[in-house]
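# Chains, contacts and geometry: an overview
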Amino acid sequence: DAGVTQSPTHLIKTRGQHVTLRCSPISGHKSVSWYQQVLGQGPQFIFQYYEKEERGRGNFPDRFSARQFPNYSSELNVNALLLGDSALYLCASSRQGAGGYTFGSGTRLTVV
Amino acid sequence: KNEVEQSPQNLTAQEGEFITINCSYSVGISALHWLQQHPGGGIVSLFMLSSGKKKHGRLIATINIQEKHSSLHITASHPRDSAVYICAVETGGNQFYFGTGTSLTVIP
C-alpha cells in the first residue's frame, strides 16, 4: 500500500511567484493536513481538510490556500512568495482527521 | 510563550542508555502525538495519546492530562534511534501545535 505521496520533492521559485504543492493520501484516508517546517524549527500547522471541507486553519496569511478534491488528494497554494516561505512543506493523512496520521516525505521549497 | 515546550533540545547518549524526552503543553488537547523525523525531513508518527501509557517495542509514551505533561522513553537506545523527536498536540478545534523537537544522537 503506497504511503502519503507529495510532489514535487524539491522546488525552487522566485520571490513573487506562485507555487502549488500536491499531496495524495493513503487509500481510505479522507483527511489531509498541511504543515510548514522552517529549517531548525518544529512544524507549524497550516490547514486541515476532511471530506473536502476545511476543518482547521493555522496562523498563516491569506497568501496560503488549499483545497481537497473528490479523490481526497489535496493542493496547497502559496501566492506572492516571500523568502521566508522557504521551508519543508509536509502533508499528513488520516482516516477521519482525528489521529492515526501518516506523514509524507515533504516538498522542500526554496524561494530565491 | 509556545503552546508546546520540549526538553531537552539536544541529547547525546551512549548506546544502551535509557532516554527520556519531555513535553509540556499549555492548551486543552484532544490528543498528543509523538513524531520522529529523520534527516531529509520524513516524519513518522510514533504514538497518539489521549490518556495513560502506550508501548511499542523499545518506545514508551506516557501522558498526564492533569499536569499537561508527556514523556517519551527509549529503552536500550541504539544508533538507529538518532533522529529528531517532536511532540505535537491536537486541540478540539482541529488546531495543531508542535514543539521545536529534541535532537537525539546515540553514539555506538
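Read on for a plain summary of the structure. (Residues numbered from 1 in each chain as written. Chains lettered and ligands numbered in written order. Predicted model: local features only at pLDDT ≥ 70, side-chain atom pairs only at ≥ 80, totals over all residues. Heavy atoms only, no water.)

### Here we look at the overall build of chain A
Counting secondary structure elements, chain A contains zero helices and eleven strands. Order of helices (α) and strands (β) in chain A, N terminus to C terminus: β-β-β-β-β-β-β-β-β-β-β. The globule rule puts the C-alpha radius of gyration for 112 residues at 13 Å, and the 13 Å found for chain A is close to it. With the C-alpha coordinates of chain A rotated into their principal frame, the extents come out at 35 × 25 × 25 Å. Buried residues in chain A amount to 52% of all 112 residues. Intrachain contacts of chain A at a sequence separation of at least 6 include 53% that bridge at least 24 residues. (Helix = DSSP H or I, 4+ residues; strand = E, 2+ residues; numbered from the N terminus. Rg over C-alpha atoms; globule rule 2.2 N^0.38 Å. Buried < 20%, exposed > 50% of the residue type's maximum accessible area, 1.4 Å probe, protein only. Contact = heavy atoms within 4.5 Å.)

### Comments concerning the overall build of chain B
Helix and strand counts for chain B come out as zero helices and eleven strands. The linear arrangement of helices and strands in chain B, starting from the amino end, is β-β-β-β-β-β-β-β-β-β-β. A globule of 108 residues ought to have a C-alpha radius of gyration of about 13 Å, and chain B, at 13 Å, matches this closely. Once the C-alpha set of chain B is aligned to its principal axes, its extents read approximately 45 × 30 × 20 Å. Expressed as a percentage of its 108 residues, the buried residues of chain B come to 44%. Pairs at least 24 residues apart make up 54% of the contacts formed inside chain B by residues separated by at least 6 positions.

### Here's the deal with the pattern of salt bridges
Residues and elements named next belong to chain A. All chains considered together, the criterion is met by seven salt bridges over all chains. The partner of lysine 52 in a salt bridge is glutamate 51, and the shortest N-O contact between them spans 3.7 Å. With a shortest N-O distance of 3.2 Å, arginine 57 and glutamate 54 are connected by a salt bridge. Residue classification places arginine 57 among the partly exposed residues on the basis of a relative accessible area of 35%. (Salt bridge = Lys/Arg side-chain N within 4 Å of Asp/Glu carboxyl O.)

### Structural notes on the pairing of strand β11 (residues 107-111) of chain A
For a regular strand, side-chain orientation follows a simple rule: the groups alternate between the two sheet faces. Residues and elements named next belong to chain A. Residues Thr107, Leu109 and Val111 point to one face of β11 and are all buried, whereas Arg108 and Thr110, pointing to the other face, are not buried. In this structure, strand β2 (residues 10-13) lies alongside β11, joined through four bridges in parallel fashion. Bridging across to β11, isoleucine 12 finds its partner in threonine 110. (Pairing = 2+ DSSP bridges.)

### Considerations on the sheet that holds strand β7 (residues 59-64) of chain B
All names here are of chain B. The five strands lie next to each other as β1-β3-β8-β7-β6, forming an open sheet whose pairing is antiparallel. The strands lining the two open edges of the sheet, one partner per strand, are β1 (4-7) and β6 (52-56). Each adjacent strand pair in this sheet contributes to an overall mean axis angle of 15 degrees, direction not counted. Note that strand β3 (residues 19-25) and strand β8 (residues 69-74) share six bridges and pair antiparallel. Across the sheet, residue cysteine 23 finds its bridge partner in β8, namely serine 70. (Axes fitted to C-alpha atoms, helices over the stretch in contact; angles between N-to-C directions.)

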